[in-house]
Amino acid sequence: MQHEEAAALCVTPGSPGLYITRRSATAQSEVIEYDEEYWLQDVMTVRITTQHA
């Protein structure tokens, strides 16, 4: 984590974490939602599932 994000989360700069951006759009590609999140590595579990067509 960089200094600003680390300070907001009360951790030391350089602490491990996950940065996620999400964008939701209409069928016409108009962005209707944009989100940036910073997560500490010890507060979540990430599971990714893929399906083959």
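My aim in this report is to walk through the structure given alongside it, one point at a time. One numbering rule holds for all chains: residues counted from 1, following each sequence as written. Confidence filtering applies because this is a predicted model: local features only for residues at pLDDT of at least 70, side-chain atom pairs given and counted only at 80 or more, and all residues used for totals across whole chains, interfaces and linings. Excluding hydrogens and water, the side-chain figures rest on all heavy atoms present in the structure.

**Examining the side chain of Ser15**
Topologically, Ser15 is positioned in the loop between α1 (3-8) and β1 (17-25). Within polar-contact distance, the side chain of Ser15 engages the backbone oxygen of Thr12 at 2.5 Å. Under the scheme used here, helices are H or I runs from DSSP no shorter than 4 residues and strands are E runs no shorter than 2 residues, and both carry numbers assigned from the N terminus. The definition of a polar contact used here is a pair of N or O atoms within 3.5 Å, where within protein one atom must be able to donate a hydrogen and the other to accept one, and adjacent residues in sequence count solely through side-chain atom pairs.

**Comments concerning the pattern of salt bridges**
Where side chains of opposite charge bring their charged atoms close, a pairing between them can arise. Note on definitions: salt bridges are taken to be side-chain nitrogens of Lys or Arg within 4 Å of carboxyl oxygens of Asp or Glu. Inspection of every chain in the model, using the stated rule, returns two salt bridges. Across the salt bridge formed by Arg22 and Asp35, the nearest N and O atoms sit 2.8 Å from each other. Taken together, the residues Arg22 in strand β1 and Asp35 in strand β2 (residues 31-40) connect sequence positions 13 residues apart. Exposure categories follow from relative accessible area, calculated using a 1.4 Å probe and restricted to protein chains: below 20% of the type maximum is buried, above 50% is exposed, and the middle band is partly exposed. Look at Asp35 and you get partly exposed, because its relative accessible area is 21%. The salt bridge partner of Glu37 is Arg22, with a shortest N-O separation of 2.6 Å. One end of the pair, Glu37, is in strand β2; the other, Arg22, is in strand β1, with 15 residues separating them in the sequence.

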